Amino acid sequence: AADAFLASLPPGVEQAPRRFGLVCLFSTTMWAHLAHGDDGLRRLLRSAAALGERLLLEPQPWDAYKRARTRARRRGLGGFGVAWEELRMRNDVLEEMDAFLRGEECGFTRRRDVGTTAWGRQIVLYSR
């Protein structure tokens, strides 16, 4: 899903006028990160921020990345789009996403933790 989303984004979407009151990203950040690296994850977040005034985010923690890697190895699947070693956003991936969203490029404020999913992942609301 994250691959399709990133591939469908027209060039310059980060500068597009905001079109939605709320953009939701559930269970997609890890897959964009694994397929497109740190820059791909930042592009996904930047694009989501450009499209809406608010962002509801369910980021996957680093442990979920490790489980995905283990499952892929057990099934004999090849690697992901980016070599594991190339990922610089690692153990603190949640904090780095939060800092990026609150930074100059996205301009969000972290409003509140909405709750947690059945998998124990936090859901966070950002807004301008």
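Everything in this summary refers to the structure shown in the same document.

Calculation criteria
Residues numbered from 1 in each chain as written. Predicted model: local features only at pLDDT ≥ 70, side-chain atom pairs only at ≥ 80, totals over all residues. Heavy atoms only, no water. Phe/Tyr/Trp six-rings, centres within 6.5 Å; stacked < 30°, edge-to-face > 60°. Helix = DSSP H or I, 4+ residues; strand = E, 2+ residues; numbered from the N terminus. Buried < 20%, exposed > 50% of the residue type's maximum accessible area, 1.4 Å probe, protein only. Lys NZ or Arg CZ within 6 Å of the ring centre and 35° of its normal. Polar contact = N/O pair within 3.5 Å; in protein donor to acceptor, adjacent residues only side chain to side chain. Contact = heavy atoms within 4.5 Å. Core = buried A, V, L, I, M, F, W, Y, C linked by side-chain atoms within 4.5 Å. Axes fitted to C-alpha atoms, helices over the stretch in contact; angles between N-to-C directions. Parallel < 35°, antiparallel > 145°, perpendicular 65-115°, else oblique. Left-handed = near helix turned anticlockwise from the far one by under 90°. Salt bridge = Lys/Arg side-chain N within 4 Å of Asp/Glu carboxyl O.

1. Overview of the packing of aromatic side chains
Summed over all chains, the structure comprises 2 aromatic pairs. Between the aromatic rings of phenylalanine 108 and tyrosine 126, the centroid separation amounts to 6.3 Å while the plane-to-plane angle is 50°, which identifies the pairing as tilted. Here the residue phenylalanine 108 occupies a position in the loop between α4 (93–102) and β3 (109–116), and tyrosine 126 occupies one in strand β4 (residues 122–127), the gap between them amounting to 18 residues. A residue is classified by how much of its surface remains accessible, and phenylalanine 108, at 3% relative accessible area, is buried. The exposure class of tyrosine 126 is buried, given its relative accessible area of 2%. Across from the ring centre of phenylalanine 108, 4.2 Å away, lies the NZ or CZ of arginine 128, which sits over that ring.

2. Describing the side chain of serine 127
Position of serine 127 among the secondary structure elements: in strand β4. Reaching out from serine 127, the side chain makes a polar contact with the side chain of arginine 111 at a distance of 2.6 Å. Once residues within four sequence positions are removed from consideration, serine 127 is found in contact with Glu53, Arg54, Phe108, Thr109 and Arg111.

3. As for the side chain of threonine 117
Considering the arrangement of structural elements, one finds threonine 117 in the loop between β3 and β4. Residue threonine 117 is classed as buried on the basis of its relative accessible area, which comes to 16%. Every residue in contact with threonine 117, bar those within four places of it in the chain, is listed here: Glu58 and Ile123.

4. Brief notes about the nonpolar core
Burial of nonpolar side chains together is a common tendency in soluble globular proteins. Of all hydrophobic cores here, the largest spans 29 residues; its most connected members are Leu45, Leu55 and Leu101. Within the residue set of this core, elements represented by two or more residues are β1 (20–26), α2 (29–51), β2 (52–58), α3 (62–74), α4 and β4. Per-element accounting of this core gives the leading share, 9 residues, to α2. Contact partners of leucine 55, with chain neighbours within four places excluded, come to Leu22, Val23, Leu25, Ala48, Leu101, Phe108, Val124, Leu125 and Tyr126.

5. Side note on the packing of α2 against α4
In the contact formed by α2 and α4, the axes pass within 9 Å of each other and the chain directions differ by 20°. One way to sum up the angle between α2 and α4 is to call them roughly parallel. Between α2 and α4 the crossing geometry is left-handed. Of the residues in α4, those in contact with Thr29, His33, Leu41, Arg42, Leu45 and Arg46 of α2 are Val93, Met97, Phe100 and Leu101.

6. Remarks on unusual backbone geometry
If you check the backbone angles, serine 27 has positive phi at about 55° while not being a glycine. Structurally, serine 27 can be placed in the loop between β1 and α2.

7. Here's the deal with the environment of glycine 37
Along the chain, glycine 37 turns up in helix α2. Residues in contact with glycine 37, not counting those within four places in the same chain, are Ala32, Val82 and Leu87.

8. A word on the pattern of salt bridges
Under the defined criterion, the tally for this structure stands at 7 salt bridges. Arginine 121 is the salt-bridge partner of glutamate 58, the closest N and O atoms lying 3.2 Å from each other. Of this pair, glutamate 58 sits in strand β2 while arginine 121 sits in the loop between β3 and β4, placing them 63 residues apart in sequence. Its relative accessible area of 2% is what places glutamate 58 among the buried residues. A salt bridge links arginine 110 to aspartate 98; its shortest N-O distance comes to 3.1 Å. Of this pair, arginine 110 sits in strand β3 while aspartate 98 sits in helix α4, placing them 12 residues apart in sequence. One continuous salt-bridge network, built from bridges that share partners, spans Asp98, Arg102, Arg110 and Asp113.

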